[in-house]
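Results of the structural survey
Read off the chains here:
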Amino acid sequence: AQSVTQLDSQVPVFEEAPVELRCNYSSSVSVYLFWYVQYPNQGLQLLLKYLSGSTLVKGINGFEAEFNKSQTSFHLRKPSVHISDTAEYFCAVTVHYGGSQGNLIFGKGTKLSVKP
Amino acid sequence: KAGVTQTPRYLIKTRGQQVTLSCSPISGHRSVSWYQQTPGQGLQFLFEYFSETQRNKGNFPGRFSGRQFSNSRSEMNVSTLELGDSALYLCASSYWGQTYGYTFGSGTRLTVV
C-alpha cells in the first residue's frame, strides 16, 4: 500500500525568506502526486500536481515542486514567502495501474507559519 | 462558476443520533469523494462516487454510508454517532477523479456531544 510522509509538522519562516516543505512517498507502482493548501476554516485548494513529463512542476501562488523518483520525494518550494502563505500544506499521492486509480492518500500536513 | 457547496457548515449532535451531510459538486463534475479530517488522524478517505456508483471505499465502519444522485449531488450519513466521529467532513468533486485534482468544499464541522 502507498503512504505519504511529511517530514516536518511545523515550519516557521520569516517573510521574504525561501521555504521548502518536504514530502516522501512510498509505492510499488506508478504514482500521481499533489500538493494542497488549507487556510483556517476552509477546505483544501490544489496548489500543483505531477502526473507525468517534466519533473519540475509549477503551481499557483509562486509555488513549485520537484518529483524525484529515485528518492521518492516531491518537495514543495517557494523562493520568497509572504504572510499570506501561512496555512497548512498537504502532500498527497494516488497510484495508477492498468487504467485504474487508487484513492488519494494524504500526508499529515505541514503548518507553515510566516513571521514578519 | 460556483464551487463545491457543503451544507450545513456546522452541526452539533448527541451520541447515538444519526446525521446526514450534503454536498453539491461543481456543475459538470461526476466524481464526488468524502474525507474525514481530525487533528489526530489527519485526512482519511471515506468513499468516492462516480455517476451514482460507489467506486472506492475507505476503511470506515458500516455506520458511515453515502450515495450520489443523478444530478451528482451527494449525501453521506453517519448512524449511531460516537464522540470520535467529531471531525471536519470534506467533500471534493472532479470531472473524472483524482487524476485532475479535486476541488474541495469548505466542509461540515460535526461535533458529537
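For clarity, every value in this text was computed on a predicted model and none was experimentally measured.

All names here are of chain B. Here four strands make up an open sheet; going across it, the order is β1-β3-β8-β7 and the pairing antiparallel. Each end of this open sheet is capped by a strand with a single partner; those strands are β1 (5-7) and β7 (64-68). Averaged over neighbouring strand pairs, the angle between their axes works out to 15° when direction is ignored. Alignment of β1 against strand β3 (residues 19-24), held across three bridges, turns out to be antiparallel. The residue bridging T7 from the neighbouring strand is S22, located in β3.

With 19 residues of chain A in contact, the opposing surface of chain B contributes 20 residues. Buried surface at the junction of chain A and chain B, summed over both partners, amounts to about 1600 Å²; 49% is from carbon and sulfur atoms. On the surface where chain A and chain B come into contact, there are zero salt bridges. On the surface where chain A and chain B come into contact, there are five residue pairs in polar contact (both at pLDDT 80 or more).

Our focus in this paragraph is the pattern of salt bridges. All names here are of chain B. Taken as a whole, this structure holds ten salt bridges over all chains when the rule is applied. Ionic pairing is found between E82 and R63, a salt bridge with its closest N-O pair at 3.6 Å. With E82 in the loop between β8 (74-78) and β9 (87-94) and R63 in the loop between β6 (53-57) and β7, the pair connects residues that are 19 residues apart, well separated along the chain. Judged by its relative accessible area of 42%, E82 falls in the partly exposed class. Here R63 falls in the buried class, since its relative accessible area comes to 16%.

What counts, and where the lines are drawn
Residues numbered from 1 in each chain as written. Chains lettered and ligands numbered in written order. Predicted model: local features only at pLDDT ≥ 70, side-chain atom pairs only at ≥ 80, totals over all residues. Heavy atoms only, no water. Pairing = 2+ DSSP bridges. Helix = DSSP H or I, 4+ residues; strand = E, 2+ residues; numbered from the N terminus. Axes fitted to C-alpha atoms, helices over the stretch in contact; angles between N-to-C directions. Contact = heavy atoms within 4.5 Å. Buried area = accessible area lost by both parts, 1.4 Å probe. Salt bridge = Lys/Arg side-chain N within 4 Å of Asp/Glu carboxyl O. Polar contact = N/O pair within 3.5 Å; in protein donor to acceptor, adjacent residues only side chain to side chain. Buried < 20%, exposed > 50% of the residue type's maximum accessible area, 1.4 Å probe, protein only.

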